[in-house]
Amino acid sequence: MSKYDAIIVGSGSNGISAAIRLQQKGLKTAIFEQASSPGGATRTQELTLPGFKHDVGSSILPLGLASPFLRNLPLKDHGLEWVYPEIAYSHPFIDGTAYACFKDLYQTAAQLGEDEKNYLKIFKPLMEDWEKLDPDLLAPLGIPQHPVPYLKFGLKALPSAHWLANRYFEDERSKMFFYGSAAHSTIPLTNLASASFGLVLTATAHRYNWPFPKGGAGNFTGAMLNYYRSLGGELHLNHQVNDLRDLPNALAYLFDLTPRQLLKINGLNFNSLYRKRMENYKYGAGVFKMDWALSEPVPFTSEKCRRSGTVHIGFSQAELERSEDLVHKGSVSDRPYVLMAQHSPFDATRAPEGKHTAWAYIHVPNGDPRDHTTILEDQIERAAPGFKDTILARSTKTTHQLEEFDPNLVGGDINGGLQDITQFFTRPIIKLSPYSTPDPRIYICSSSTPPGGGVHGMSGFHAAEKVLKDHFKDLV
Ligand SMILES: Cc1cc2nc3c(=O)[nH]c(=O)nc-3n(C[C@H](O)[C@H](O)[C@H](O)COP(=O)(O)OP(=O)(O)OC[C@H]3O[C@@H](n4cnc5c(N)ncnc54)[C@H](O)[C@@H]3O)c2cc1C
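**What about the sheet that holds strand β6 (residues 87-92)?**
The mixed open sheet is built from 7 strands, whose spatial order is β7-β6-β12-β13-β14-β11-β15. The open sheet is flanked by β7 (98-101) and β15 (391-397), the only strands paired with a single partner. With strand direction ignored, the average angle separating the axes of adjacent strands in the sheet is 20°. Across 3 bridges, β6 lies against strand β12 (residues 308-313) in parallel orientation. Bridge pairing links Ile87 to Ser308 in β12.

**Comments concerning the site of the ligand**
If you check the shell around the ligand, you find 39 residues, and the closest are Glu33, Gln34, Asp256, Asp406 and Gly454. Here an oxygen atom of the ligand and a backbone polar atom of Ala41 are 3.0 Å apart. The separation between an oxygen atom of the ligand and a polar main-chain atom of Ser447 is 3.0 Å. When the free accessible area of the ligand is taken as 1,000 Å², the share hidden by the protein chains comes to 95%. Those elements that provide at least two residues to the shell around the ligand are α1 (13-24) and β14 (356-364). A per-element tally of the shell around the ligand places α1 first, with 3 residues.

**Details of the pattern of salt bridges**
According to the stated counting rule, one finds 20 salt bridges in the structure shown. The partner of Arg350 in a salt bridge is Asp347, with the nearest N and O atoms 3.0 Å apart. Note on accessibility: Arg350 and Asp347 belong to one class, buried. Because the salt bridges share partners, they merge into one network encompassing Asp55, Asp347 and Arg350.

**Focus on the packing of α1 against helix α9 (residues 218-230)**
Interaxial distance between α1 and α9 falls to 10 Å at its minimum, and their mutual angle equals 20°. Viewed along their axes, α1 and α9 adopt a mutual orientation that is roughly parallel. In this structure, the crossing between α1 and α9 has a hand that is left-handed. Contacts between α1 and α9 involve Ser13, Ile16, Ser17, Ala19, Ile20, Gln23 and Gln24 from the former and Thr221, Met224, Leu225, Tyr227 and Tyr228 from the latter. Here the residues of the contact of α1 with α9 sort into 7 nonpolar, 5 polar and no charged.

Conventions adopted
Residues numbered from 1 in each chain as written. Predicted model: local features only at pLDDT ≥ 70, side-chain atom pairs only at ≥ 80, totals over all residues. Heavy atoms only, no water. Pairing = 2+ DSSP bridges. Helix = DSSP H or I, 4+ residues; strand = E, 2+ residues; numbered from the N terminus. Axes fitted to C-alpha atoms, helices over the stretch in contact; angles between N-to-C directions. Near = heavy atom within 4 Å. Polar contact = N/O pair within 3.5 Å; in protein donor to acceptor, adjacent residues only side chain to side chain. Areas by Shrake-Rupley, 256 points an atom, 1.4 Å probe, with all protein chains shown as cover. Salt bridge = Lys/Arg side-chain N within 4 Å of Asp/Glu carboxyl O. Buried < 20%, exposed > 50% of the residue type's maximum accessible area, 1.4 Å probe, protein only. Parallel < 35°, antiparallel > 145°, perpendicular 65-115°, else oblique. Left-handed = near helix turned anticlockwise from the far one by under 90°. Contact = heavy atoms within 4.5 Å. Nonpolar A, V, L, I, M, F, W, Y, C, P; charged D, E, K, R; others polar.

This is the structure:
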């Protein structure tokens, strides 16, 4: 008799989701985590000054609400409180004006002048079909539950953001506005499927308004763990797993790791072909991340930006395209695309009274060792003159420091591997079930499996379902 039915290695949002799913089904599980605090890339720390709470990794969590698995968990009863910013996101322009992505589709479209009808042409059908699409969008590749809406979505999602923006919009501002969310893809905006990120993320803004957890993303992890423990689950911290034989006996082991890390674990029964294919797994661009303690809110010129939880910065279509293109050619633009978030205007618990925080990153080549503070802050300063004068303290994280913080952030890649057309659906390798491996005890549940990066827990959920099917048929 083993003490455990299943062991989960890694306590990121996917590891905890897998553990919750198995524990919900009555299995006895435990999570083993190498770090001294749980959550992987979903943790909050006082990175700058006492009392200033910063999300070291993930921060804005609409996918936590959109996730068909997570949205049905009783996380509110276990301490999660969502904060909804007044505006989901905005995009400032060089003249001080901005477009805002309001929850209301029509209010958003109305800002776009001649492109109002074009915005509605893209997003109205998507919002009408959303309920039918969302189970398939966060699932492994298979026959969609609603093929017609899925096909309609695919026709717009598979091309590049560049193609979609130029096909639908007349005005450069509308194109930049779309690029802001499409660039979350971390691939060049001219690459196939980059449009899909702009479509899905904008749809989640209209549906869920891009919320974040009160007090920090770490509270999302905390609520998941409180619920997991209430089901009888166990968490073991400071336990780096290097060898399967160091773990207690179990029927299944689920690894919340990326392929390169998994291949380093001793005692796994993988054949050489599988190893070779996993060795060919591609990692994506990294990020250079900053957090600030501020004396006042970020002084954006545009009032819309001051009211937004997230702000996308980049001042022309060409500038945005160049920024993302250069990263993939191994360098960094001096006018990079900046993804910025501000929580304290909407969540007073993030900073001491009257003070504020800000969070931002730029994309950089994988493994880039450099500090990019100057170009990042200069770019923010263009949208928010006087920003630098409000800085009380700053924290920087290069790609190497991110990987030290969480070994899954290989070379600073925040998505557990490149998310381009070649690895979008077929991560980590082309295989009927991407979650299982040639060793019948071993499963992968990290964001290196579909549906990829983001705090949605769906990789963990699908891996757990596969474990149930393979080893605990009676419980399915
Ligand atoms: C800077 C940054 C910003 C981001 N912003 C957002 C955002 O705003 N919204 C969003 O949805 N997503 C965002 N993401 C992406 C999101 O955080 C990830 O997609 C998500 O955390 C993936 O979860 P995971 O469980 O697959 O892996 P992780 O969260 O990386 O967890 C993996 C865990 O495994 C542990 N581990 C690794 N090796 C071992 C070992 N040998 N033994 C034991 N434990 C081990 C690690 O310590 C870690 O705790 C961001 C990420 C970063 C870094």
